[in-house]
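# Breakdown of the fold
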Amino acid sequence: EADIYQTPRYLVIGTGKKITLECSQTMGHDKMYWYQQDPGMELHLIHYSYGVNSTEKGDLSSESTVSRIRTEHFPLTLESARPSHTSQYLCASSDGIQETQYFGPGTRLLVL
Amino acid sequence: GNSVTQMEGPVTLSEEAFLTINCTYTATGYPSLFWYVQYPGEGLQLLLKATKADDKGSNKGFEATYRKETTSFHLEKGSVQVSDSAVYFCALSSGGTSYGKLTFGQGTILTVHP
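Residue numbers here run from 1 along each chain, matching the order of that chain's written sequence. Lettering for chains starts from A, numbering for ligands starts from 1, and both go in the order in which the items are written. Two thresholds apply to this predicted model, a pLDDT of at least 70 for residue-level local features and 80 or more for giving and counting side-chain atom pairs, whereas whole-chain, interface and lining totals are computed over all residues. To obtain the side-chain values, all non-hydrogen atoms of the structure were included, while hydrogens and water were left out.

Another point: the interface of chain B and chain A. Pairs of residues are marked as contacts when any of their non-hydrogen atoms sit within 4.5 Å. Taken together, the contact between chain B and chain A spans 21 residues of the former and 23 residues of the latter. The term buried area denotes the loss of accessible surface (1.4 Å probe radius) that occurs when two parts are joined, taken as the sum for both partners. Carbon and sulfur atoms make up 50% of the area that chain B and chain A hide from each other, which totals about 1800 Å². Only one rule defines a salt bridge in this text: a Lys or Arg side-chain nitrogen within 4 Å of an Asp or Glu carboxyl oxygen. If you look at where chain B meets chain A, you find one salt bridge. For Asp59(A), the salt bridge is made with Lys101(B), and the minimal N-O distance between the two is 3.7 Å. Here a polar contact is taken to be a pair of N or O atoms separated by no more than 3.5 Å, where protein atoms must pair a possible hydrogen donor with a possible acceptor and residues adjacent in sequence count only if both atoms sit in side chains. Applying the counting criterion to the chain B and chain A interface returns five residue pairs in polar contact (both at pLDDT 80 or more). Only DSSP runs of H or I with at least four residues qualify as helices, and only runs of E with at least two residues qualify as strands; both kinds are numbered from the N terminus onward. Considering each element in turn, the side of chain B that touches chain A owes the most residues, four residues, to strand β5 (residues 32-38) of chain B. Gly counts as polar in this scheme, as do all residues outside two lists: the nonpolar Ala, Val, Leu, Ile, Met, Phe, Trp, Tyr, Cys and Pro, and the charged Asp, Glu, Lys and Arg. Here the residues of the side of chain B that touches chain A are counted per class, giving 10 nonpolar, eight polar and three charged.

Here it is, written out as structure tokens:
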């Protein structure tokens, strides 16, 4: 059973606020990912990391930033939230061997 | 580049009906293929996978066969239940510069009525 956690599950916040979405996994996976899921369900990769101190931008341009200081932790930060950031954000991890990604429950963000 | 195309939804079925969700892909090399399921309010869960041509992935009554000649990975279930109502995503993972990254289809909403 995969153990990957995201907090908060739901967040309503005003424009201009700084927010950090937390993602942690207890499986020791090197690879971690952030996806943005729009209301039409489509998933877009916005950031990924192949290990500590490694971060890359994904296929969809995002104003968010990420860090990977510890293997188990991969937080995503928005310095100044805008209504266009309203979405669901999904975190995932993989051991890279079986290529299977394990997903957290997601954070639903609403920016007013 | 890589791409995945799923049949458009939503798909609405009665309980015990047969389900097919079509998925075709474009990829370089020899990708691994996946079906993920997303229940309301949750993240994605791996449903099944296949890593080489002619492999059949199966789980919870769902099946999909990796067909390299038709570049397809259609999802099937012989008798759906109300609890199968969810969004289903087809995905692929290939090597090279995309190593470890998944390319997803657009998702198909399945609703099963009693």
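The discussion continues.
This part takes up the pairing of strand β9 (residues 87-94) of chain A. Residues and elements named next belong to chain A. Among the eight residues of β9, eight are classified as buried, and the element is accordingly described as predominantly covered. For every residue, the accessible area obtained with a 1.4 Å probe (protein chains only) is divided by the maximum for its type, and the residue is called buried under 20%, exposed over 50%, and partly exposed between those limits. Side chains Ser87, Tyr89, Cys91 and Ser93 project from β9 onto one buried face, and the interleaved Gln88, Leu90, Ala92 and Ser94 project onto a second face that is buried too. Relative to β9, strand β4 (residues 31-37) runs antiparallel, the two being bridged by seven bridges. Across the sheet, the residue bridging to Tyr33 is Ala92, located in β9. Sheet topology note: the β9/strand β11 (residues 107-111) ladder contains three bridges and is antiparallel. Here a strand pair is declared whenever DSSP counts at least two bridges between the two strands.

On to the sheet that holds strand β8 (residues 76-78) of chain A, then. Residues and elements named next belong to chain A. Strand order in this open sheet of four strands is β1-β3-β8-β7, and the pairing throughout is antiparallel. What marks the edges here is a single partner per strand, and that holds for β1 (4-7) and β7 (65-66). Pairing analysis gives four bridges linking β1 to strand β3 (residues 19-25), with the strands arranged antiparallel. Paired with Ile4 across the strands is Gln25, a residue of β3.

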